[in-house]
Amino acid sequence: MNEYLLLKFLHLLLFVYWLGGDLGTFYASRFVANASLTPAARATAVRIMMGVDMAPRLCMPLILPFGVQMAAMQGWLAVSGVGLVAMWVLCAIWLAMVLAVHHYSGQPLGAAIGRIDFWFRIGVIVGLGSVAIYSLTTGQIITLPWVAIKLLIFTGCVVCGLIIRVRLKPFGPAFGRLMTEGPDDETNRILADSIAGCRPLVVLIWVGLLVSAALGMHLL
């Protein structure tokens with residue numbers, strides 16, 4: 001297996017784990033929002049949901065450098081060797097932040113790293129979105145339009161992920177009250193509304209992943 005085929009295999013594997021993890025998280029969230037279950041059962045569902053959700057969280061920063069590396073190897077992306085190294089380093093930093101936020105969840109350090117990660121993703125959105133749009137309109141940097149479209153789709157997935165994070169802000173405090181004070185109508189409403197507000201965005205991510213995969217399988 002040559003280097004390009006190995007990268008392609010790993011790129012596809014990351015797609016599988018991203019989509020599969022999202023599906024598992026989506027399914028587990030229904031049990032979290034189910035007011036008829038006991039708090040202990042809902043706590044178990046949350047642990048399952050958060051554990052399964054680590055797959056797409058890790059796949060997002062990992063899938064990007066593999067795709068960029070393949071595009072550069074095929075001559076579809078005008079980038080220097082230094083630029084490629086910088087891409088891998090930035091994505092490694094991104095991956096490290098994802099792991100740190102998970103490891104220090106519920107602690108001040110985890111919250112601080114989470115804020116840095118949030119603004120880091122804003123930078124990713126602005127940078128990658130600008131490159132994709134510029135390439136589509138000028139034919140420069142990324143020479144093949146479908147590669148630029150894949151990059152734009154990835155950027156859209158990052159945007160959806162940030163909006164999901166914002167919409168889930170009320171979830172943590174409400175779930176904490178559920179565990180300490182027991183269920184009540186207001187707490188159940190906040191939990192259900194937080195999860196329901198994220199579902200359309202999750203579906204958008206699925207659509208984006210499927211379209212991106214279809215482009216890659218047909219043309220890569």
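Anyway, here's the lowdown on the structure attached to this text. Because the structure is predicted, anything quoted here is derived from the model rather than measured.

What counts and what doesn't
- Residues numbered from 1 in each chain as written.
- Predicted model: local features only at pLDDT ≥ 70, side-chain atom pairs only at ≥ 80, totals over all residues.
- Heavy atoms only, no water.
- Helix = DSSP H or I, 4+ residues; strand = E, 2+ residues; numbered from the N terminus.
- Rg over C-alpha atoms; globule rule 2.2 N^0.38 Å.
- Buried < 20%, exposed > 50% of the residue type's maximum accessible area, 1.4 Å probe, protein only.
- Lys, Arg positive; Asp, Glu negative; His and termini not counted.
- Salt bridge = Lys/Arg side-chain N within 4 Å of Asp/Glu carboxyl O.
- Contact = heavy atoms within 4.5 Å.
- Patch = residues over 30% accessible without salt bridge, like charges linked within 9 Å, V, L, I, M, F, W, Y side chains within 5 Å.
- Areas by Shrake-Rupley, 256 points an atom, 1.4 Å probe, with all protein chains shown as cover.
- Core = buried A, V, L, I, M, F, W, Y, C linked by side-chain atoms within 4.5 Å.
- Phe/Tyr/Trp six-rings, centres within 6.5 Å; stacked < 30°, edge-to-face > 60°.

## Examining the overall build of the chain
Assigned secondary structure in the chain consists of seven helices and zero strands. Reading the chain from its N terminus to its C terminus gives the helix and strand order α-α-α-α-α-α-α. On C-alpha atoms alone, the chain measures out to a radius of gyration of 19 Å, which is about the 17 Å that the 2.2 N^0.38 rule sets for 220 residues. Judged by the C-alpha coordinates and their principal axes, the chain covers about 60 × 35 × 35 Å.

## Points about the side chain of Lys-150
By the element assignment, Lys-150 lies in helix α5 (residues 145–167). Buried within the structure, Lys-150 lacks any salt-bridge partner; its nearest side chain of opposite charge belongs to Asp-22, at an N-O separation of 15 Å. Not counting residues within four places of it along the chain, the set of residues in contact with Lys-150 comprises His-11, Ser-212, Leu-215 and Gly-216.

## Notes on a nonpolar patch on the surface
Nonpolar side chains collect at one region of the surface, where Leu-6, Phe-9, Leu-13, Val-16 and Tyr-17 lie side by side and expose about 480 Å² of accessible area between them. For Leu-6, the location among the structural elements is in helix α1 (residues 3–32). With relative accessibility at 41%, the residue Leu-6 sits in the partly exposed group.

## Focus on the side chain of Asp-117
Checked against the element boundaries, Asp-117 lands in helix α4 (residues 108–138). Not counting chain neighbours up to four residues away, the residues in contact with Asp-117 comprise Trp-94, Met-97, Val-98 and Arg-165.

## Here we look at the nonpolar core
One finds Trp-18, Leu-64, Trp-94, Phe-154 and Ile-205 to be the most contacted residues of the largest nonpolar core, which totals 47 residues. Secondary structure elements with two or more residues in this core: α1, α2 (39–73), α3 (81–103), α4, α5 and α7 (185–219). A per-element tally of this core places α5 first, with eleven residues. What Ile-205 contacts, discounting residues up to four positions off in sequence, is Trp-18, Asp-22, Cys-157, Cys-160, Gly-161 and Ile-164.

## Some thoughts on the environment of Met-87
As for its placement among the helices and strands, Met-87 is situated in helix α3. Here the alpha-carbon distance between Met-87 and Val-68, two residues 19 residues apart in the chain, equals 8.2 Å. Apart from the residues within four sequence positions on either side, Met-87 is in contact with Leu-64, Pro-65 and Val-68.

## Considerations on the pattern of salt bridges
Proximity of charged atoms lets side chains of opposite charge pair with each other. This model, assessed by the stated rule, comprises five salt bridges. As a salt-bridge pair, Asp-117 and Arg-165 come within 2.6 Å of each other at their nearest N and O atoms. With a gap of 48 residues between them, Asp-117 in helix α4 and Arg-165 in helix α5 connect regions that are remote in the sequence. Look at Arg-165 and you get partly exposed, because its relative accessible area is 30%. Of the charged contacts, one joins Asp-193 and Arg-189 as a salt bridge, the two residues approaching to 3.0 Å between their closest N and O atoms. A residue pair is termed a helical-turn pair when its members lie 3 or 4 positions apart in one helix, as Asp-193 and Arg-189 do in helix α7 at four residues. Accessibility expressed as a relative area gives 44% for Asp-193, which makes it partly exposed.

## Comments concerning the packing of aromatic side chains
On inspection of all chains with the given rule, the structure shows nine aromatic pairs. Geometrically, the ring pair formed by Trp-18 and Phe-154 is edge-to-face, given 6.3 Å between the ring centres and 85 degrees between the ring planes. Highlighted residues: Trp-18 in helix α1 and Phe-154 in helix α5, separated in sequence by 136 residues. Look at Trp-18 and you get buried, because its relative accessible area is 3%. Since its relative accessible area comes to 9%, Phe-154 is described here as buried. Ring geometry for Tyr-27 versus Phe-31: centroids 5.2 Å apart, planes at 75 degrees, classification edge-to-face. Residue Tyr-27 and its partner Phe-31 are located together in helix α1, separated by four residues, close to a single helical turn.

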